[in-house]
Amino acid sequence: MSGIPLGVLDLVPISSGSTAAEALRNTVDLAQQTERFGYTRYWFAEHHLNPGVAGTSPAVVLALTASATSTIRIGSGAVQLGHRTALSTVEEFGLIDALHPGRLDLGLGRSGGRPPGRTAGPRPTTTPVVDGRAPNGLKIPPRFSPEHLAGSPRFLLQQQLLHQPGAAPQDYGEQVDDILALLRGDYRSTDGIEAHAVPGEGAEVQVWILGSSGGQSADVAGRGGLRFAANYHVSPATVLEAAEGYRAAFQPSDHLDKPYVSVSADVVVAEDDETARELATGYGPWVRSIRTADGAIPFPTPEQARAHAWTAADRTLVADRVDTQFVGSPGRVADQLEQLQEATGADELIITTITHDHADRVRSYQLLAEEWLRR
């Protein structure tokens, strides 16, 4: 399996008792360490109004990390286009590429500022799922519905603060087309007027589309012949349909002659299963804070997590995420990642790991990399 590259997805998490400044310093250190461990790319997510997440601007964190690393690819996983323009996105990444050419991944997502209810409905998959398992045994849990988040005061406030008054998001497919045109240097307005992004035009960025289902994102990535990242760690129920939808829509392009898929997974590795489970104790309360629309809390210690009084509703709310987190010894987790790769046909795997202590997080990535190379 060493032929399947591993990458990193970092939310720049803030641990309980820590600060955003410390989280950023830890992120730069982790990028340097994972570069040394042999990970191929390092991506930053974009989240807003979360007390426990400092990764609000992928481009800014990328600029900081690019200067502290030299070989690992760095990118966004993803820039959320719902509240941005094509030009601002290309110019920001063009600035970074100007000093660090050939290392940037521009991952594009469509969920920023959009109500959770505006998502594609269930799409059939040709892969049979029986009793919550794919044919090779990969766990595929019931679909999570985010409808309850649409009317939450926090979500509505986020929309208000991210958008200019009266602004409406551009159609996602059209916006991706505009980004590609600005990067190529052949953008024309509907009136035929040229626009040239400097810096940005001609930037050596690798464009990715991120998606959690077989809906618009998979279609845009496939029809555009772009690389696609499916999110098992965000929406494990729909990872198979996302990968299949992308491959079904794929058309060869100047970027790719055949589909290319990366799949993400939540992972915690330690020397033994018991230690890994202890390190992962805070994951359930952390996911609960997100899915109750409170925003991600600072990642708790195991002791703080055990103090949480769980209700049946709480457990149901987080079950799909907790049940599909890969936690254990290096061998156990590597086996689970092989299973994920086999079920999805992934060309790469993206690993996201959060623990309360930074040293444990670094060690998790190191142990996994060492085990992966042995296979």
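## As for the overall build of the protein chain
Along the protein chain, the regular secondary structure elements total 13 helices and 10 strands. Radius of gyration (C-alpha) of the protein chain: 20 Å, near the 21 Å computed for a compact globule of 375 residues. Reported as C-alpha extents along the three principal axes, the dimensions of the protein chain are approximately 60 × 45 × 45 Å. Every one of the 375 residues in the protein chain was classed for burial, and the buried ones make up 54%. Nonlocal contacts in the protein chain, meaning residues at least 24 apart in sequence, comprise 76% of its contacts between residues at least 6 apart. Approximately 15800 Å² of the protein chain is accessible, and the part contributed by carbon and sulfur atoms is 52%. Seen as two clouds, the 31 positive and the 45 negative side-chain charges of the protein chain have centres 3 Å apart.

## Thoughts on the packing of aromatic side chains
On inspection of all chains with the given rule, the structure shows 9 aromatic pairs. Aromatic pair Tyr 232 and Phe 326: ring centres 6.0 Å apart, planes at 35°, arrangement tilted. You can see Tyr 232 sitting in the loop between strand 7 (227-231) and helix 7 (239-249) and its partner Phe 326 sitting in strand 9 (residues 326-328), a full 94 residues away along the chain. The buried category is assigned to Tyr 232, whose relative accessible area is 1%. Connected via pairs of aromatic rings, a cluster forms that spans Trp 43, Trp 208 and Tyr 260. The ring of Tyr 260 carries Arg 227 above its face, with NZ or CZ at 5.8 Å from the centroid. The side chain of Arg 291 reaches across the aromatic face of Phe 144, ending 3.6 Å from its centre.

## Observations concerning the nonpolar core
Residues Leu 337 and Leu 349 are the most contacted members of the largest nonpolar core, which totals 74 residues. Once residues within four sequence positions are removed from consideration, Leu 337 is found in contact with Ala 265, Val 267, Phe 326, Leu 349, Ile 351, Leu 368 and Trp 372. Within the second largest apolar cluster, 18 residues are counted, among which are Leu 11, Leu 210, Leu 317 and Ile 354.

## Details of helix 5 (residues 172-184)
What sets the pattern is the α-helix's 3.6 residues per turn: residues three or four places apart point alike. With 13 residues, helix 5 ought to run about 18 Å at 1.5 Å a step, and its terminal C-alpha atoms sit 18 Å apart, in line with that. Looking only at helix 5, the buried set comprises Tyr 172, Gly 173, Gln 175, Val 176, Ile 179, Leu 180, Ala 181, Leu 182 and Leu 183. In this structure, the buried residues of helix 5 make contact with helix 3 (86-99), strand 5 (104-109), strand 6 (206-211) and helix 6 (216-223). Taking the backbone nitrogen of Gly 173 as reference, a side-chain oxygen 3.2 Å away marks Asp 171 as the first, capping residue of helix 5. Once helix 5 finishes, Gly 185 follows within two positions and takes phi at roughly 95°, a positive value.

Conventions we followed
Residues numbered from 1 in each chain as written. Predicted model: local features only at pLDDT ≥ 70, side-chain atom pairs only at ≥ 80, totals over all residues. Heavy atoms only, no water. Helix = DSSP H or I, 4+ residues; strand = E, 2+ residues; numbered from the N terminus. Rg over C-alpha atoms; globule rule 2.2 N^0.38 Å. Buried < 20%, exposed > 50% of the residue type's maximum accessible area, 1.4 Å probe, protein only. Contact = heavy atoms within 4.5 Å. Areas by Shrake-Rupley, 256 points an atom, 1.4 Å probe, with all protein chains shown as cover. Lys, Arg positive; Asp, Glu negative; His and termini not counted. Charge placed at Lys NZ, Arg CZ, Asp CG, Glu CD. Phe/Tyr/Trp six-rings, centres within 6.5 Å; stacked < 30°, edge-to-face > 60°. Lys NZ or Arg CZ within 6 Å of the ring centre and 35° of its normal. Core = buried A, V, L, I, M, F, W, Y, C linked by side-chain atoms within 4.5 Å. Expected span 1.5 Å × (residues − 1). Polar contact = N/O pair within 3.5 Å; in protein donor to acceptor, adjacent residues only side chain to side chain.

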